[in-house]
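Single-letter residue listing:
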Amino acid sequence: MKDRLQEIKEKAFARISSAEGLDALNDVRVSVLGKKGELTAILKGMKDVSPEDRPKVGQWVNDTRAMIEEQLAAAKDRLEAAKLELQLANETIDVTLPGSRPKTGHRHPNTIALEEVEKIFIGMGYEVVEGPEIEYDYYNFEALNIPANHPAKDEQDTFFIDDDILLRTQTSPVQVRQMERGKLPIRMIAPGRVFRADEVDATHSPSFHQIEGMVIDKHITFADLKGTLEEFAKKLFGEDTKVKFRPHHFPFTEPSAEVDVSCFKCGGKGCRFCKGEGWIEILGCGQIHPRVLKMSGIDPEEYSGFAFGVGLERIALLKYEIDDMRLLYENDVRFLEQF
Ligand code: DAH
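Rules used throughout
Here, residues in each chain are numbered from 1, in the same order as that chain's written sequence. Thresholds applied to this predicted model are a pLDDT of at least 70 for local features of residues and 80 or more for the giving and counting of side-chain atom pairs; totals over whole chains, interfaces and linings are not thresholded and use all residues. Remark: hydrogens and water are excluded; side-chain values derive from all non-hydrogen atoms of the structure. Pairs of strands are assigned from DSSP output, requiring at least two bridges between the strands. Put simply, DSSP H or I for four residues or longer makes a helix, DSSP E for two residues or longer makes a strand, and each gets a number counted from the N terminus. Working definition: residue near molecule or strand if any one of its non-hydrogen atoms lies within 4 Å of it. Pairs of N or O atoms are called polar contacts if they sit within 3.5 Å, as long as, within protein, a hydrogen donor faces a hydrogen acceptor (for residues adjacent in sequence, only side-chain-to-side-chain pairs). Residue exposure ignores everything except the shown protein chains as possible cover, and the areas themselves are Shrake-Rupley values with a 1.4 Å probe. Only Phe, Tyr and Trp rings are paired, with Trp represented by its six-membered ring, and only when their centres lie within 6.5 Å; those with planes under 30 degrees apart are stacked, over 60 edge-to-face, the remainder tilted. Type-normalised accessible area, obtained with a 1.4 Å probe on protein chains alone, sets the label of each residue: buried when under 20%, exposed when over 50%, and partly exposed for intermediate values. Only when the NZ atom of a Lys or the CZ atom of an Arg is both within 6 Å of the ring centre and within 35 degrees of the ring normal do we say a charge sits over the ring. Here, two cysteine sulfur atoms that lie within 2.5 Å of each other are counted as a disulfide.

1. Considering the sheet that holds strand β1 (residues 127-128)
Here is step 1: Pairing within the open sheet is mixed, and its seven strands lie in the order β1-β4-β5-β9-β8-β7-β6. The open sheet is flanked by β1 and β6 (243-250), the only strands paired with a single partner.
Here is step 2: In this sheet, strand β8 (residues 279-288) lies alongside strand β7 (residues 253-262) in antiparallel orientation, the contact comprising eight bridges. Each bridged residue has a counterpart across the sheet, and for Glu 258 the counterpart in β8 is Gly 284.

Written out as structure tokens, the structure reads:
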């Protein structure tokens, strides 16, 4: 009997020490100590052992069981530790690997240009105001001294909603709304979206943005307008920028002018950027027409003012040397991420 127990023990030890995993170890336990296990079979056969030998044999069986259990427990600890170690090795994070950069959004060139313009005028004491994109004919045309049948009405290819209501073709109606508030003096810029029934090409879009400017106070002269816009151009395009006022016509200003800035690429010598001109047109402006003041309840004998209108896209295209306006609306990430 003793030999049989010794044999079971040695076989179990050998299997335990060569078990390669927790499952294999469990198989050993079941085949030795389980219900149908080798040692269990011996315990079951105790009834055949003579009563005087029983305590002794019982003791041997129990000792053998205890030794096998001890070996099983030790092997289990060892295998579990190895398993954990392997897992830790496989799951380590290499902190030296370059991280993947999260994609962040970019500000649109229009937004950057607008913020720059706003900063310049806020610095000169202007207020930034807004007006509606859907406007009355009165504000968009009539009150700006553009009566029915005036050619300017056709020139601007208006989207009409009905006889009285339209999509504003310019930000100039915000001038009227601001004058009607009756709070003087006024120093405002009004950025916003405008609409014209234009075909899309490199320089046209049915929807684009303007920034309107207006100052009304006592004794405002054309010299104030010139000084203001010269300062604006220098701040926007650089201190060396020169400005040129060319006589022009707008119904709501008298006198009116278009403003050119010296080409900031070639300094005025003429290059591809300014199409050899040396000058680049940037805006329209003028002294507010007395009729326009009067229609909005301001006495032109007491007050005078100037106004100007700039195309925002025009500024963004010039500043960032973009040669096709469509790029500003397509929202191609490869374009936008350059800003
Ligand atoms: N509203 C004009 C346009 O869309 C631009 C303009 C010209 C605005 C002269 C003004 C101005 O305020 O004084 O073409």
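Moving on from the model shown.
2. Here's the deal with the site of the ligand
Here is step 1: The full set close to the ligand counts 15 residues, and Gln 170, Ser 172, Arg 196, Gln 210 and Glu 212 are the nearest of them.
Here is step 2: Measuring from an oxygen atom of the ligand, one finds a side-chain N or O atom of Gln 210 at 2.9 Å.
Here is step 3: Within the contact set of the ligand, an oxygen atom lies 3.3 Å away from a backbone nitrogen or oxygen of Phe 308.
Here is step 4: Protein chains bury 91% of the 350 Å² of accessible surface belonging to the ligand in isolation.

3. Here we look at the packing of aromatic side chains
Here is step 1: One pass over the structure, following the stated rule, counts twelve aromatic pairs.
Here is step 2: Each ring, one from Phe 264 and one from Phe 273, has its centre 5.7 Å from the other, and the planes form 65°; the classification is edge-to-face.
Here is step 3: A relative accessible area of 27% places Phe 264 in the partly exposed class.
Here is step 4: Judged by relative accessible area, Phe 273 falls into the partly exposed class, the value being 26%.
Here is step 5: Three or more aromatic residues link up through ring pairs in this structure, and these residues are Phe 121, Tyr 126, Phe 232, Phe 306 and Phe 308.
Here is step 6: A cation over a ring is seen here: Arg 177 above Tyr 139, with NZ or CZ 4.1 Å from the ring centre.

4. A closer look at the pairing of strand β4 (residues 186-195)
Here is step 1: The buried fraction of β4 amounts to eight of the ten residues, a majority that puts the element mostly inside the structure.
Here is step 2: Note that β1 and β4 share two bridges and pair parallel. When the bridges of β4 are listed, Glu 127 appears paired with Met 188.
Here is step 3: Taken together, the ten bridges between β4 and strand β5 (residues 207-217) define a ladder with antiparallel strand orientation. When the bridges of β5 are listed, Arg 193 appears paired with His 209.

5. Quick notes on helix α8 (residues 173-180)
Within an α-helix, residues lying three or four positions from one another point in the same direction, as the helix has 3.6 residues per turn.
Here is step 1: For α8, a buried count of six out of eight residues is recorded, marking the element as mostly surrounded by other parts of the structure.
Here is step 2: Every buried residue of α8 is listed here: Pro 173, Val 174, Gln 175, Val 176, Gln 178 and Met 179.
Here is step 3: Looking one or two residues past α8, Gly 182 carries a phi angle of roughly 75°, positive in sign.

6. Describing the side chain of Thr 64
Here is step 1: Counting through the fold element by element, Thr 64 comes out in helix α4 (residues 54-90).
Here is step 2: By relative accessible area, Thr 64 is classed as buried at 6%.

7. Re the state of the cysteines
Here is step 1: Counted by the stated rule, this structure contains zero disulfides.
Here is step 2: No disulfide involves Cys 266; its nearest neighbouring cysteine sulfur is the one of Cys 263, lying 3.7 Å away.

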